[in-house]
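# Reading the structure
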Amino acid sequence: MVLSGIVAESERIELIAGEIVAMSPKGIHHETLRIELVNYWAERKAELYKFADETPLRLDQHNEPEPDIVIFSASERLFQVKGKTVLLAVEVADSSLHFDLATKSSVYALFGVREFWVINARTYVTTVHTSPVEGEYSDVKEVQPGQLLTPTLCRELAVRLADLDLAVDDEA
């Protein structure tokens, strides 16, 4: 679409169910959490997994969401990753919380993403979605920032968000 002049290279968009959807602006809480989480994970098991952040995930010709973090096997190349081979998809949500919990969760479930997290960038409460069935997740639970978050398919990447350096100066 950029090459065709339909959208500018600087525009932040996703393709969801065949529609171009503008992405919500990212704030300092969002960016701090995303960066700290990727760094934490990369320091632990980078040889087993690949971590793609803010990269389009091509699910089919009508769906190309851009999760904040996608974890997949180190043996795969990004172009090979499909919904069913994603080990974990993570959305860090500030102003996009409702959209991520409703629309994106349905899209990821429809394409068999086995685990999907939505992390509230302000409270650090994580909504964990597992067991996709017919376009929805049959198991959804909230995990508080002080509780251990353990990805089902990459257990070595367990993290407690409260232990990350997420302090942000809102005045800066």
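Here's a quick rundown of the structure.

The rules behind the values
- Residues numbered from 1 in each chain as written.
- Predicted model: local features only at pLDDT ≥ 70, side-chain atom pairs only at ≥ 80, totals over all residues.
- Heavy atoms only, no water.
- Helix = DSSP H or I, 4+ residues; strand = E, 2+ residues; numbered from the N terminus.
- Contact = heavy atoms within 4.5 Å.
- Buried < 20%, exposed > 50% of the residue type's maximum accessible area, 1.4 Å probe, protein only.
- Lys, Arg positive; Asp, Glu negative; His and termini not counted.
- Salt bridge = Lys/Arg side-chain N within 4 Å of Asp/Glu carboxyl O.
- Polar contact = N/O pair within 3.5 Å; in protein donor to acceptor, adjacent residues only side chain to side chain.

Note that leucine 148 resides in the segment after strand S8 (136-143). Between the C-alpha atom of leucine 148 and that of arginine 160, which follows or precedes it by 12 residues, the distance is 4.7 Å. With residues up to four places along the chain from it excluded, the contact list for leucine 148 reads Val143, Ala158, Val159 and Arg160.

Along the chain, glutamate 115 turns up in strand S6 (residues 115-120). Although glutamate 115 is buried, it forms no salt bridge, and the closest oppositely charged side chain is lysine 141 at an N-O distance of 7.1 Å. A distance of 2.8 Å separates polar atoms of two side chains, one belonging to glutamate 115 and the other to tryptophan 117. Of the polar contacts made by the side chain of glutamate 115, one reaches the backbone nitrogen of threonine 152; its length is 2.6 Å. The residues contacting glutamate 115, other than those within four sequence positions of it, are Leu87, Leu88, Ala89, Val128, His129, Thr130, Thr150, Pro151, Thr152 and Leu153.

Before going further, it helps to spend a moment on the pattern of salt bridges. Counted according to the given criterion, the structure contains 8 salt bridges. Salt-bridge contacts for arginine 34 lead to glutamate 54; the nearest nitrogen and oxygen are separated by 3.2 Å. Here arginine 34, found in helix H1 (residues 28-45), pairs with glutamate 54, found in the loop between strand S3 (49-53) and strand S4 (69-73); they are 20 residues apart in sequence, far enough to count as distant. Assessed through its relative accessible area of 22%, glutamate 54 is described here as partly exposed. Here the salt bridges share partners, and the residues they tie into one network are Glu31, Arg34, Asp53 and Glu54.

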